[in-house]
Amino acid sequence: MNQRSLLPLEVVSTVPADLGSQDLRQIATTSGGQDWAAKTLTDHPLLPISEYLGYRLGEAAQLGVPYWHVLLMPDQSLAFGSRLEGGVVQWSAIDAVEQAVLLDQAATALSRIAAFDLFYGNDDRHLNNFLFRRNRAQVWTALAFDFSRAGWRSGFPPGPDLPLPSDCNTELLIAWLRQIGKWDAAGAGLTIGSLQAVDAGAVERMIADAPETWLDESHRGALLAWWASPARNARLRRVLTLL
């Protein structure tokens with residue numbers, strides 16, 4: 001059992017979000033003084049679980065994601081919280097010279113995250129939808145956040161048809177990376193290999209860890225049945241053909 005889901009963090013205050021996100025409506029501060037991007041059932045009934053499974057599957061696919069937690073909101077509802085990370089920067093805040101360095105160093109990470117987005121049905125991955133930071137070796141790395149338009153909100157499972165529309169942000173990002181010679185197809189394939197190794201039992205445990213209010217039994221059953229079926233492997237193979 002995931003201890004984070006058993007012991008939600010108590011939110012002591014909230015303020016309207018001002019981060020330019022269409023789906024993030026409030027920033028929550030917990031009793032420990034940390035700030036979180038809070039996604040609530042009031043925002044959309046399938047928003048917390050779509051974010052939650054995106055983060056859990058992203059971790060299983062060996063992607064970098066921000067620290068997350070279940071939040072106990074002032075109205076006693078449970079929200080998905082993504083902690084606002086220190087030491088990170090978004091693309092628009094990086095100067096052109098450093099952007100070129102970042103692309104050299106983080107191309108594989110960007111490609112791996114985009115491949116995950118194809119599988120999970122996220123059509124809204126763009127350059128400002130990553131968090132970037134340097135690691136201890138001063139190499140740029142990328143974190144994936146914001147799966148608000150993916151998961152159940154995009155019809156997953158089985159997910160939207162592939163390829164995604166050519167004018168969506170995710171496909172435009174992939175096309176741009178290809179154009180500038182920074183698309184790493186082999187790296188992207190590693191994501192699919194990692195997802196292939198996630199069996200239905202692992203997903204069942206992920207879903208069991210989530211608050212019950214986030215997903216009803218019909219949605220739970222449909223996900224687990226699809227994950228154990230040939231359809232899941234078929235989607236993974238389809239993503240591979242697009243890399």
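Computed from a predicted structure; not experimentally measured.

Student: Explain helix α4 (residues 169-179) residue by residue, including any values.
Tutor: Each full turn of the α-helix corresponds to 3.6 residues, which orients residues three or four apart in the same direction. Looking only at α4, the buried set comprises Thr170, Glu171, Leu173, Ile174 and Leu177. Burial along α4 is one-sided: seen end-on, the buried residues are contained in an arc of 160 degrees. For α4, the elements touching its buried residues are α3 (96-120) and β6 (130-134). At the C-terminal side of α4, Gly181 shows a positive phi close to 75 degrees.

Student: Could you give an account of the pairing of strand β2 (residues 26-30), with specific residues and numbers?
Tutor: Working note: regular strand, side chains alternate between the two faces of the sheet. Summarising burial for β2: four of the five residues are buried, a large majority. Two elements, β2 and strand β3 (residues 35-39), share four bridges in a ladder whose sense is antiparallel. From the neighbouring strand, Ala28 faces β3, where its bridge partner is Trp36. Linking β2 to β3, which pair antiparallel, is a turn of four residues; within it Gly33 sits at a positive phi near 85 degrees.

Student: Please provide a residue-by-residue account of the packing of aromatic side chains, values included.
Tutor: If you walk through the whole model with that rule in mind, you get 18 aromatic pairs. Each ring, one from Trp226 and one from Trp227, has its centre 6.0 Å from the other, and the planes form 70 degrees; the classification is edge-to-face. Trp227 matches Trp226 in its accessibility class, with the two residues each being buried. Ring pairs connect the aromatic residues Tyr52, Tyr55, Trp68, Phe80, Phe116, Phe119, Tyr120, Phe147, Phe156, Trp214, Trp226 and Trp227, which therefore count as one cluster. Looking at Arg125, its charged tip hangs above the ring of Phe130, at a distance of 5.5 Å from the centre.

Student: Just give me the short version of the packing of α3 against helix α8 (residues 230-241), but keep the residues and values in it.
Tutor: The interhelical angle for the contact between α3 and α8, taken along N-to-C directions, is 140 degrees, at an axis separation of 9 Å. As summarised for this structure, α3 and α8 are arranged oblique, according to the angle between their axes. In this structure, α3 meets α8 at a crossing whose hand is right-handed. Residue-level contacts link Ala115, Leu118 and Phe119 of α3 to Arg232, Arg235, Leu236 and Val239 of α8. Here the residues of the contact of α3 with α8 are counted per class, giving five nonpolar, no polar and two charged.

Student: Pulling in residues and values, what's your account of the environment of Leu71?
Tutor: Relative to the helices and strands, Leu71 is located in strand β4 (residues 68-72). A relative accessible area of 0% places Leu71 in the buried class. On a C-alpha basis, the gap between Leu71 and Leu7 in space is 8.8 Å, while along the polypeptide they are 64 residues apart. Filtering out sequence-adjacent residues up to four positions away, Leu71 remains in contact with Pro8, Leu9, Val11, Ala28, Thr30, Trp36, Ala38, Ser77, Leu78, Ala79 and Gly81.

Student: Before we move on, can you summarise the packing of helix α6 (residues 200-209) against helix α7 (residues 217-227) with the specific residues and values?
Tutor: Two elements in contact, α6 and α7, have axes separated by 9 Å at closest approach and are oriented at 160 degrees. On the basis of their axis angle, the class for α6 and α7 is roughly antiparallel. Pair α6 / α7 crosses with right-handed handedness. Side by side, α6 and α7 meet where Ala200, Val203, Glu204, Ile207 and Ala208 of the first sit next to Arg220, Leu223, Leu224 and Trp227 of the second.

Quick notes on the rules
Residues numbered from 1 in each chain as written. Predicted model: local features only at pLDDT ≥ 70, side-chain atom pairs only at ≥ 80, totals over all residues. Heavy atoms only, no water. Buried < 20%, exposed > 50% of the residue type's maximum accessible area, 1.4 Å probe, protein only. Helix = DSSP H or I, 4+ residues; strand = E, 2+ residues; numbered from the N terminus. Arc of directions from axis to C-beta. Contact = heavy atoms within 4.5 Å. Pairing = 2+ DSSP bridges. Phe/Tyr/Trp six-rings, centres within 6.5 Å; stacked < 30°, edge-to-face > 60°. Lys NZ or Arg CZ within 6 Å of the ring centre and 35° of its normal. Axes fitted to C-alpha atoms, helices over the stretch in contact; angles between N-to-C directions. Parallel < 35°, antiparallel > 145°, perpendicular 65-115°, else oblique. Left-handed = near helix turned anticlockwise from the far one by under 90°. Nonpolar A, V, L, I, M, F, W, Y, C, P; charged D, E, K, R; others polar.

Any functional reading would require information beyond the geometric quantities listed.
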